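Listed below, chain by chain, are the residues.
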Amino acid sequence: MSTREDVSSADLAEQALQRTTVPAAGVHEQADEEHHDHEEGHEHEHELEWPEMLRIALVAVAAAAVWWHLWEPFTAFSLIGVIGLLIGGWPIFKEALENLLAKRMTMELSMSIAIIAAAAISEFFTALVITLFVLIAEVLEGLTVSRGRHAIRDLLDFLPRAVSVRRAGTVAEVDAETLAAGDAVLVNPGGRIPVDGTVIAGHSFVDQARITGESLPIEKMAGAQVFAGSINQSGALEIRAERLGRDTSYGKIIEAVEQAERSRAPVQRLADRLAGYLVYFAIGAAVLTYLLTHNIRSTISVVIVAGACGIAAGTPLAILGAIGRAARAGSIIKGGLFLEQLGQVDTVVLDKTGTLTYGQPEVRAIVPSEGADPAQLLETAASAELRSEHPLGKTIVAHARTLGRAIREPERFGYTPGLGINAALEGDLVLVGNQALMRAHDVAIPTNLLGGHPEATEVFVARRGKLLGVIAVADSARPEAADAIRAIQAMGIKTVLLTGDARAVADTIARQLGISEVAAELLPEDKQKRVRDLVARGRIVAMVGDGINDAPALIEAQVGVAMGSGTDVARESADVVLLGNDLAKFAQTLGIARRTRRIIWTNFAGTIGVDAIGIVLAAFGLLNPLLAAFIHVASELTFILNSARLLPSRAREERLTVAASAPPTVAAS
């Protein structure tokens, strides 16, 4: 059952953070339809107000007066009953009429019919009890769903409302809305940073887990970048404001979550349609009951017992709770559509670099050829790679500098994509690259030169046509990746590794993480084709990648998941963004999506079952109108509260907020 919209919460959120409505990736074509659904759907923005409580109290008093026959001046009808129904039933009758004029079949209409029918046969006590149940149910339902919306809008309140600013040589406290780019903002220890900007002065450690997902505080000093929504822990900072409000990284996260909250999943539209069908069914069953039994009490009981509000209100509540819970876990789902599809995923396709590994290669071994010097091997490779922009080249140069090796500027530098470097050092031709580059220049390579490091990428180094040796460069698997893969597979989901890296490297990582299906040495278009083939075979695919070179595959999958930070939340290629490159967050999000799906379909089955049994019992005279009303409201609240289990507990939210606000002691190492 729907309640009146209260715009005060929305206004408050608007004041806290200016925001725009930007359709999430993949749902642009549904924007108009979703807006229409948003207006027509079961939107609950409810604050408990005294007129509602007074109305409930008056109906309860009227019901008691009718039951005890306290004042009945007319024998034909109960005056108190009529007054109580007019006062208490007015919101129900009004909404039923609006829905009828809009050609929408809702439970308010069926309840209005039941109330009027009960009053017509002088069952005023029953009519008042039905009205009382409906009013209480609407209040409880509205408060529950409003809690879900506030759980998301509480993200806004994490930013401070008042900010200390240095202007014209003096420090003053101003409203956050009055900040301008270029202002010098002062943040004390334990304070929340209100803007994206650059540190001008001060030294501190900052907890930016809400933005980048990094678990440890990050040291900040003059020149460092900071993000709105992060927490200053140990020292005072002065920050030059560069991005404000919706333009900050935190603002983009809020914007994405709010857009997701406004979007509607297909299952939500199904719930609304099913609710309408159940109303038609209840009215049809009531008509049939009257034609067969001519018993008006049984007929009214049939109308009363049928309820679909547990579906119509419980479904958006479950989606709302799931999106909010996922956001708090560091996973930004860009719409109810993608949440629903996540709940159906049976195949997860994973990129390697940056997803299962850190994406930061390290030198694992330096293996010289027979008679060659390891130091000369490293110095030659680093000198040749000095101008290189390739990650492997930069890794070799950084390693040589760490060891204090001499690095000389090459006289000539050339790069061949897919092969490697050719450079001139002291007049000698130096080659640094893969086996194909060596073969192209007739450089002999001993077999199994790097046999002890099958997981590493081989970087061969040759000078004057002679092989100096090979440098093993490898990435490290993320420690949480193995547990995340096991959690995903425990859900019965198949995992597939697609990577552009060498086969030996891919196989090693796959063995470490327990992934059985691997495809290596793939270009971005090859990954896209592999994902397209899986989808064509009827698989529901989630593709997890870094959102850059994996963009084609991300778009091809039913759900594209980008590993990134809060600054990456607006990536158009991804439907879900994980803050902090933590695959465990994705496994948790899959669990949330699957639980949401189970709850929604349990509500569907339960509602249909209760309605079917209740209608049969009422039709045979085994349920009177009062008992039918009790069953209706009890089942409705049961299904709504079942959906509300997805909402985070307020006690837990308060503990997390207090913990986040407290300035812990951080020791700089």
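Right above here is the structure, for reference.
A short tour of the structure in this document, coming up. (Residues numbered from 1 in each chain as written. Predicted model: local features only at pLDDT ≥ 70, side-chain atom pairs only at ≥ 80, totals over all residues. Heavy atoms only, no water.)

### Section: the overall build of the protein
The helix and strand inventory of the protein stands at 22 helices and 22 strands. For the protein, the residues scored as buried account for 52% of the 669 residues in total. Pairs at least 24 apart in sequence give 69% of the contacts found in the protein among residues at least 6 apart. Here the protein displays about 28900 Å² of accessible surface, and carbon together with sulfur accounts for 58% of that area. (Helix = DSSP H or I, 4+ residues; strand = E, 2+ residues; numbered from the N terminus. Buried < 20%, exposed > 50% of the residue type's maximum accessible area, 1.4 Å probe, protein only. Contact = heavy atoms within 4.5 Å. Areas by Shrake-Rupley, 256 points an atom, 1.4 Å probe, with all protein chains shown as cover.)

### Here we look at a nonpolar patch on the surface
Side chains of W50, L54, L58, I83 and I87 sit close together on the surface and give an oily, nonpolar patch of about 500 Å² of accessible area. Every element with two or more residues in the nonpolar patch is listed here: α3 (50–67) and α4 (79–101). Ranked by the residues each element gives to the nonpolar patch, the list is headed by α3, at 3 residues. Along the polypeptide, I83 turns up in helix α4. (Patch = residues over 30% accessible without salt bridge, like charges linked within 9 Å, V, L, I, M, F, W, Y side chains within 5 Å. Salt bridge = Lys/Arg side-chain N within 4 Å of Asp/Glu carboxyl O.)

### A few points about the pattern of salt bridges
Within the structure shown, the criterion is met by 18 salt bridges. Between D351 and K527 there is a salt bridge, with its nearest N and O atoms 2.8 Å apart. You can see D351 sitting in the loop between β11 (347–350) and β12 (362–368) and its partner K527 sitting in helix α18 (residues 524–536), a full 176 residues away along the chain. A single burial state applies to D351 and to K527, both of which are buried. Each of the salt bridges in this network shares a partner with another, and the network as a whole consists of R408, E426, D428, R463 and R464.

### Overview of the pairing of strand β16 (residues 457–463)
Within β16, 5 of the 7 residues are buried, which leaves the element mostly enclosed by the surrounding structure. Here β16 folds back onto strand β17 (residues 466–474), and the loop between the two strands holds 2 residues, one of which, R464, carries a positive phi near 55 degrees. (Pairing = 2+ DSSP bridges.)

### Details of the sheet that holds strand β6 (residues 218–220)
Ordered in space as β6-β5-β8, the 3 strands form an open sheet in which the pairing is antiparallel. The open sheet terminates on both sides in strands that have one partner only, identified here as β6 and β8 (231–232). Bridge count between strand β5 (residues 204–207) and β6: 3 bridges; the pairing is antiparallel. Bridge assignment links F205 to a residue of β6, and that residue is E219.

### Overview of helix α16 (residues 481–490)
Those residues of α16 that fall on the buried side of the exposure criterion are A481, A482, A484, I485 and I488. Buried residues in α16, looked at end-on, bunch into an arc of 160 degrees, giving them a common side. Where α16 is buried, its residues touch β11, β18 (494–498), α17 (503–513) and α20 (583–619). G492 sits one or two residues past α16 and shows a positive phi near 80 degrees. (Arc of directions from axis to C-beta.)

### Things to note about the packing of helix α9 (residues 266–293) against α20
In contact at an axis separation of 10 Å, α9 and α20 are set at 5 degrees when each is read in the N-to-C sense. For the element pair α9 / α20, the angle class is roughly parallel. Taking contact as the criterion, the partners of V267, L270, A271, L274, L278, F281, A282, A285, T289 and T293 in α9 are, on α20, I600, W601, F604, T607, I608, D611, I615 and A619. For the contact of α9 with α20, a count of residues per class yields 14 nonpolar, 3 polar and 1 charged. (Axes fitted to C-alpha atoms, helices over the stretch in contact; angles between N-to-C directions. Parallel < 35°, antiparallel > 145°, perpendicular 65-115°, else oblique. Nonpolar A, V, L, I, M, F, W, Y, C, P; charged D, E, K, R; others polar.)

### Description of the pairing of strand β22 (residues 576–579)
Where burial is concerned, the two faces of β22 agree: the one with V576 and L578 and the one with V577 and L579 are both buried. Here 3 bridges tie strand β10 (residues 331–333) to β22, and the two strands are oriented antiparallel to one another. Looking at the pairing, S331 lines up with L578 of β22.

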